[in-house]
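Survey of secondary and tertiary structure
Below are the chains, spelled out letter by letter.
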Protein chains: 2
Amino acid sequence: MIISDNRPIGVFDSGVGGLTVLKELQNLMPYENIIYFGDTARVPYGGKSAPVIQRYSQEILDFLLMQNVKMIVIACNTASALALNKLKTLTSLPVVGVIDPGVRAAVKAVKGQKIGVIGTKGTIASFAYQSRLERLCSKIKVIAQACPLLVPIVEENMHNTDLARLTIDTYLKDFKTLQVDTLILACTHYPLLKPLINEYFDKKITLVDSAQETAIEVKELLAARRLVADTEKIGTERFFVSDSPDIFREIAVKFLGRELAGECLHHSWTD
Amino acid sequence: MIISDNRPIGVFDSGVGGLTVLKELQNLMPYENIIYFGDTARVPYGGKSAPVIQRYSQEILDFLLMQNVKMIVIACNTASALALNKLKTLTSLPVVGVIDPGVRAAVKAVKGQKIGVIGTKGTIASFAYQSRLERLCSKIKVIAQACPLLVPIVEENMHNTDLARLTIDTYLKDFKTLQVDTLILACTHYPLLKPLINEYFDKKITLVDSAQETAIEVKELLAARRLVADTEKIGTERFFVSDSPDIFREIAVKFLGRELAGECLHHSWTD
């Protein structure tokens with residue numbers, strides 16, 4: 001007899017960017033139920049300090065635990081960098097961040113000895129990617145660059161503008177000069193810039209999309225722990241956000257390429 | 001006998017941008033004591049909804065009232081647009097936002113009949129500037145533009161880059177085409193871009209800096225209500241922030257052109 005576990009996977013992000021992770025989870029495991037929390041009243045996390053990110057992440061964890069989830073996916077790079085270890089001490093459920101999957105995929109993909117990482121200021125300053133990469137392979141040289149303008153460019157739909165191209169050039173030219181062959185997109189917004197980044201490097205660089213890698217890791221983990229849902233059914237999705245559900249619904253389309261199918265509810269931190 | 005009121009002026013902003021208002025207040029009234037609150041754990045306000053901004057503003061008001069302030073200055077355009085009326089109903093102290101001063105100055109300055117406004121998405125979408133300008137002078141045509149990339153450009157010290165120039169061109173070219181002669185800088189970060197914007201318009205446009213205008217309004221109000229501090233003494237400054245005081249101290253230098261003189265303390269919303 002195959003036992004299935006239909007409790008939802010709890011996914012959270014500072015806002016809407018984590019939907020790129022939700023999308024990959026659904027691509028790979030369409031039968032899993034997912035609850036997504038977007039902390040849109042306090043977004044972005046990228047420039048905030050570790051104690052603040054840890055407190056916010058812990059509050060979201062508590063909320064997701066109340067929803068009877070079977071595991072937690074931190075779909076936000078900044079929260080993964082600054083709060084993953086803390087959350088692991090607070091629950092017996094499996095907690096997966098987006099950093100380790102990206103790191104492992106990059107080490108597998110790299111041809112030379114240089115790996116690039118781009119992310120928010122918080123992610124890059126935390127040194128989370130750099131230290132993990134160097135621990136995994138001491139020969140690897142890591143070049144990291146914070147790119148604070150890329151998130152608003154994605155959110156403003158400016159992908160296809162000269163401004164986006166100049167921003168990419170400003171942030172990424174060192175990777176070109178140094179002939180980096182593998183670049184980790186260490187922010188959930190960046191997968192939407194893949195075409196532009198590929199164009200910039202004439203497709204001569206491997207882009208590691210943490211969202212895809214994280215979905216693979218989650219699938220393996222669920223199988224290993226016998227937590228897989230009933231694969232005969234299509235999973236459901238449900239969303240909670242701390243600011244307006246309407247605004248979230250609207251922006252979500254850009255990240256998912258479709259309307260939200262499940263309900264989207266407001267959760268206020270002071271209620 | 002001249003009676004002086006040495007209670008501090010309470011100034012608040014979503015983060016560090018409101019320091020441009022503090023600076024102008026001190027330029028004009030060096031004898032006033034000021035308490036500044038920067039909501040750095042929840043910054044930015046620009047993309048968040050009205051109910052969220054109102055709740056945050058009310059929490060800050062309550063905090064400032066506990067500090068025994070004599071008046072409130074909302075140094076944030078988004079909070080002025082979305083929460084000024086609400087706060088006025090919650091206290092008997094005078095509450096001044098940055099919008100009305102900027103609007104009045106723009107109407108005085110305009111030569112033709114077109115006034116431009118640039119600000120965050122929240123400020124522009126609130127229609128606060130547009131409706132006030134049109135109410136004050138029905139002949140005036142208002143052209144408003146949200147410029148979400150300008151705040152990160154200021155915060156990243158990118159003022160003097162080609163990227164900043166291209167961003168300015170992207171957002172402001174319609175003002176040039178339409179021959180707007182007066183432009184309201186409706187975000188506290190924008191005064192730092194004055195040289196660049198002046199260069200873009202060959203100095204042929206009047207830039208209305210809400211920070212300066214607000215300081216003038218505050219000075220008049222304090223005099224009219226007999227709330228002026230002892231003018232023989234140099235005023236003090238004190239800062240409270242909801243994220244790291246160290247990060248705030250560091251970024252503050254860019255906005256003030258000097259180190260913070262007063263202490264900077266952490267205030268956590270969940271303490």
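Quick note: structure is the one above.
Report on the accompanying structure.

1. As for the relation of the copies chain B and chain A
Take chain B, turn it by 180°, move it 0.0 Å along the axis, and it overlays chain A with an RMSD of 0.0 Å. As the rotation angle and translation indicate, the two copies are arranged about a two-fold axis. Distance from the rotation axis, computed per C-alpha, reaches its smallest value in chain B at Arg 42 of chain B: 2.4 Å.

2. A few points about the pattern of salt bridges
Applying the stated criterion across every chain yields a total of 26 salt bridges over all chains. For Lys 121 of chain A, the salt bridge identified is with Glu 156 of chain B, shortest N-O distance 3.2 Å. On the criterion of chain membership, the pair formed by Lys 121 of chain A in helix H5 (residues 121-126) and Glu 156 of chain B in the loop between helix H7 (150-155) and helix H8 (162-177) is interchain, its members lying in two chains. Here Lys 121 of chain A falls in the partly exposed class, since its relative accessible area comes to 40%.

3. Considering the packing of aromatic side chains
Going through the model one piece at a time under the given rule, you end up with 16 aromatic pairs over all chains. Ring geometry for Tyr 36 of chain B versus Phe 248 of chain B: centroids 6.0 Å apart, planes at 35°, classification tilted. Here Tyr 36 of chain B is found in strand S2 (residues 34-38), whereas its partner Phe 248 of chain B is found in helix H11 (residues 245-256), with 212 residues between them in sequence. Both residues of the pair, Tyr 36 of chain B and Phe 248 of chain B, belong to the buried class. Sitting over the ring of Tyr 56 of chain A, Arg 42 of chain A keeps its end group 3.7 Å from the ring centre.

4. Considering the sheet that holds strand S8 (residues 206-209) of chain B
Pairing between sheet strands relies on hydrogen bonds along the backbone, with the strands arranged either parallel or antiparallel. Residue and element names in this part refer to chain B. Pairing in this open sheet of 4 strands is parallel, and the strands run S6-S5-S7-S8 from one edge to the other. At either margin of the open sheet sits one strand with a lone partner, and together these are strand S6 (141-146) and S8. Averaged over all pairs of adjacent strands, the angle between their axes in this sheet comes to 20°, without regard to strand direction. Pairing of strand S5 (residues 114-119) with S6 involves 6 bridges; the strand directions are parallel. Looking at the pairing, Gly 119 lines up with Ala 146 of S6. On top of the sheet, helix H4 (residues 99-109) reaches S5, strand S7 (182-186) and S8; it is set at about 170° to S7, its chief contact. On top of the sheet, helix H6 (residues 128-136) reaches S5, S6 and S7; it is set at about 170° to S6, its chief contact.

5. Some words on the interface of chain B and chain A
Between chain B and chain A, the residue contacts involve 30 residues of the former and 30 residues of the latter. Summing the contributions of chain B and of chain A, the shared interface buries around 2300 Å²; its carbon and sulfur component is 63%. At the junction of chain B and chain A, the tally comes to 8 residue pairs in polar contact (both at pLDDT 80 or more). Going through the elements one at a time, helix H2 (50-66), H7 and H8 of chain B are the ones with two or more residues in the side of chain B that touches chain A. Residue contributions to the side of chain B that touches chain A peak at 6 residues, all from H8 of chain B. Split by residue class, the side of chain B that touches chain A holds 14 nonpolar, 8 polar and 8 charged.

6. What to know about the packing of H4 of chain B against H6 of chain B
A pair of packed helices is captured by two measures, namely the crossing angle of their axes and the spacing between those axes. Residues and elements named next belong to chain B. At a minimum axis distance of 10 Å, the contact between H4 and H6 shows a crossing angle of 45°. Compared by their axis directions, H4 and H6 come out oblique. Crossing hand, H4 versus H6: right-handed. Within the contact between the two elements, H4 uses Ile 99, Asp 100, Val 103, Arg 104, Ala 106 and Val 107 and H6 uses Ala 128, Tyr 129, Arg 132, Leu 133 and Leu 136. Class assignment for the residues of the contact of H4 with H6 results in 8 nonpolar, no polar and 3 charged.

7. Some thoughts on the pairing of strand S9 (residues 237-241) of chain A
Residues and elements named next belong to chain A. For S9, a buried count of 4 out of 5 residues is recorded, marking the element as mostly surrounded by other parts of the structure. One ladder, built from 5 bridges, connects strand S2 (residues 34-38) with S9; its direction is parallel. Bridge pairing links Phe 37 to Phe 240 in S9. Summarising the sheet, S9 and strand S10 (residues 264-266) pair through 3 bridges and their orientation is parallel. Its bridge partner lying in S10, Val 241 is registered against His 266. Crossover handedness for the path S9 to helix H11 (residues 245-256) to S10: right-handed.

The rules behind each value
Residues numbered from 1 in each chain as written. Chains lettered and ligands numbered in written order. Predicted model: local features only at pLDDT ≥ 70, side-chain atom pairs only at ≥ 80, totals over all residues. Heavy atoms only, no water. Least-squares fit on C-alpha atoms with pLDDT ≥ 70 in both. Salt bridge = Lys/Arg side-chain N within 4 Å of Asp/Glu carboxyl O. Helix = DSSP H or I, 4+ residues; strand = E, 2+ residues; numbered from the N terminus. Buried < 20%, exposed > 50% of the residue type's maximum accessible area, 1.4 Å probe, protein only. Phe/Tyr/Trp six-rings, centres within 6.5 Å; stacked < 30°, edge-to-face > 60°. Lys NZ or Arg CZ within 6 Å of the ring centre and 35° of its normal. Pairing = 2+ DSSP bridges. Axes fitted to C-alpha atoms, helices over the stretch in contact; angles between N-to-C directions. Contact = heavy atoms within 4.5 Å. Buried area = accessible area lost by both parts, 1.4 Å probe. Polar contact = N/O pair within 3.5 Å; in protein donor to acceptor, adjacent residues only side chain to side chain. Nonpolar A, V, L, I, M, F, W, Y, C, P; charged D, E, K, R; others polar. Parallel < 35°, antiparallel > 145°, perpendicular 65-115°, else oblique. Left-handed = near helix turned anticlockwise from the far one by under 90°. Right-handed = clockwise from strand over helix to strand, strands pointing away.

Coordinates in, geometry out; function isn't part of it.
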